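The residues making up each chain are set out below.
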Amino acid sequence: MAPKEKKEAPAPPKTEAKAKVLKAKRSVLKGVHSHTQKKKIQMSPTFWQPKTLRLRRQPKYPQKRTRNKLDHYAISKFPLTTESAMKKIEDNNTLVFIVDVKANKHQIKQAVKKFYDTDIAKVNILISLGGEKKAYVLLAPDYDALDVANKIGII
Amino acid sequence: MAKIKARDLCCKKKEELLKQLDDLKVELSQLCAAKVTGGAASKLSKIRVVRKSIAWVLTVVNQTQKENLRKFYKSKKYKPKKTCAMRRKLNKHEENQKTKKQHQKERLYPLWKYKVKA
């Protein structure tokens, strides 16, 4: 048993050493990453920018934060109390507001909902000749425009 | 409502100040509605007081915020800074300011777009 082991022990190291030498020779001749390197040929007529590394922003200080100047309070300026506006309150269940020009229908809906605790079906908008934005706010059927107007104080 | 003084506001915390700001803004909206319906003279004169109080509260809030930021960034290397020239220019809002008259004029005659037949 012992002599056989002895014989086997030196043999593998020798073959291993031989394999190592061959590998080293091959890498010297062909380069280390030769099997992964493909020769790139330009196949298409257009040249597209190759994808490069794009790093995420890691700012050294946070960006300037400005407060929202068009908050709920700034949107609706005041309700209208003209004769036609009054007619709309009685007949069409709508309230008429003069609103900031930069406000859109969604913002107006949220602002009026918040302030007067009502539900809103629809908002129509126009910009008058004077440059003011007028919003016709149609309330939901279970809310009465007259009651809301009384609460605001425009009746 | 008594006139708001900055001395009283300085001691308050930020949440309290913001809550007070909300109350003032609600009051302002009510006063504006009263103005439209021809309210009492006392209400109409109150509008100015409320507007100025809102301004006071915002001033205190922003001033304390800036002061705290300055303290925070004092020892640091990378402060929120642009370039020297940028800091001296008019900012975007200031550049776009127009008188109402100019605004109306520009609105009447905007730049027309023509379609050209190819």
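For the structure given in this document, a descriptive report is provided here.

Reading the values: rules and limits
Residues numbered from 1 in each chain as written. Chains lettered and ligands numbered in written order. Predicted model: local features only at pLDDT ≥ 70, side-chain atom pairs only at ≥ 80, totals over all residues. Heavy atoms only, no water. Helix = DSSP H or I, 4+ residues; strand = E, 2+ residues; numbered from the N terminus. Buried < 20%, exposed > 50% of the residue type's maximum accessible area, 1.4 Å probe, protein only. Contact = heavy atoms within 4.5 Å. Areas by Shrake-Rupley, 256 points an atom, 1.4 Å probe, with all protein chains shown as cover. Core = buried A, V, L, I, M, F, W, Y, C linked by side-chain atoms within 4.5 Å. Buried area = accessible area lost by both parts, 1.4 Å probe. Salt bridge = Lys/Arg side-chain N within 4 Å of Asp/Glu carboxyl O. Polar contact = N/O pair within 3.5 Å; in protein donor to acceptor, adjacent residues only side chain to side chain. Nonpolar A, V, L, I, M, F, W, Y, C, P; charged D, E, K, R; others polar. Pairing = 2+ DSSP bridges. Axes fitted to C-alpha atoms, helices over the stretch in contact; angles between N-to-C directions. Parallel < 35°, antiparallel > 145°, perpendicular 65-115°, else oblique. Left-handed = near helix turned anticlockwise from the far one by under 90°.

## Some thoughts on the overall build of chain A
Inference 1: Scanning chain A for helices and strands turns up six helices and four strands.
Inference 2: Seen in sequence order, chain A has helices and strands lined up from the N terminus as α-α-α-β-α-β-α-β-β-α.
Inference 3: Expressed as a percentage of the 155 residues in chain A, the buried residues total 23%.
Inference 4: Pairs at least 24 residues apart make up 54% of the contacts formed inside chain A by residues separated by at least 6 positions.
Inference 5: Of the roughly 13100 Å² of accessible surface on chain A, a fraction of 56% belongs to carbon and sulfur atoms.

## What about the nonpolar core?
Inference 1: Ranked by size, the top nonpolar core spans 25 residues in total, and within it A:L95, A:I108 and A:V137 carry the most contacts.
Inference 2: Ranked by residue count, the leading element in this core is helix α5 (residues 105-116) of chain A, at five residues.
Inference 3: Those residues in contact with A:L95 that sit more than four places away from it in its chain are A:I89, A:A135, A:Y136, A:V137, A:L139, A:A145, A:V148 and A:A149.
Inference 4: Core analysis: the next-biggest nonpolar cluster, separate from the first, contains 14 residues, B:L9, B:L24, B:L28 and B:V60 among them.

## Structural notes on the interface of chain B and chain A
Inference 1: If you look at the interface, chain B gives 14 residues, while chain A gives 18 residues.
Inference 2: Counting each side, the surface lost to burial between chain B and chain A is near 1400 Å², with a carbon and sulfur contribution of 59%.
Inference 3: For chain B, the biggest contributors to the area lost against chain A are B:K25, B:V36 and B:Y78; these three give 31% of the whole.
Inference 4: Between the two partners, chain B and chain A, sit one salt bridge.
Inference 5: Residue B:K25 pairs with A:D71 through a salt bridge whose shortest N-O separation is 3.0 Å.
Inference 6: Here chain B is connected to chain A by three residue pairs in polar contact (both at pLDDT 80 or more).
Inference 7: For the side of chain B that touches chain A, the secondary-structure elements that each account for two or more residues are α2 (14-36) and α3 (41-73) of chain B.
Inference 8: In terms of residue count, the dominant contributor to the side of chain B that touches chain A is α2(B) (six residues).
Inference 9: Taken together, the residues of the side of chain B that touches chain A break down into eight nonpolar, one polar and five charged.

## Digging into the sheet that holds strand β1 (residues 76-79) of chain A
All names here are of chain A.
Inference 1: Spatial ordering of the open sheet is given by β1-β2-β4-β3, a layout of four strands whose pairing is antiparallel. Across the chains shown, the open sheet's two edge strands, defined by having one partner strand only, are β1 and β3 (120-127). Averaged over all neighbouring strand pairs, the angle between strand axes comes to 30°, with direction disregarded.
Inference 2: Bridging between β3 and strand β4 (residues 133-139) involves seven bridges; their strand directions are antiparallel. If you follow V123 over to β4, its bridge partner there is V137.

## Brief notes about the packing of α2(B) against α3(B)
Residues and elements named next belong to chain B.
Inference 1: For the pair α2 and α3, the least separation of the axes is 9 Å and the interaxial angle reads 155°. For the element pair α2 / α3, the angle class is roughly antiparallel. With respect to the hand of their crossing, α2 and α3 are arranged in left-handed fashion.
Inference 2: Here the residues of the contact of α2 with α3 sort into 15 nonpolar, two polar and seven charged.

## Details of the pattern of salt bridges
Inference 1: This model, assessed by the stated rule, comprises seven salt bridges over all chains.
Inference 2: Between A:E132 and A:K77 there is a salt bridge, with the nearest N and O atoms lying 3.6 Å from each other. With A:E132 in the loop between β3 and β4 and A:K77 in strand β1, this residue pair connects regions lying 55 residues apart in the sequence.
Inference 3: On the accessibility criterion, A:E132 (30% relative accessible area) is partly exposed.
Inference 4: Across the salt bridge formed by B:K98 and B:E106, the nearest N and O atoms sit 3.1 Å from each other.

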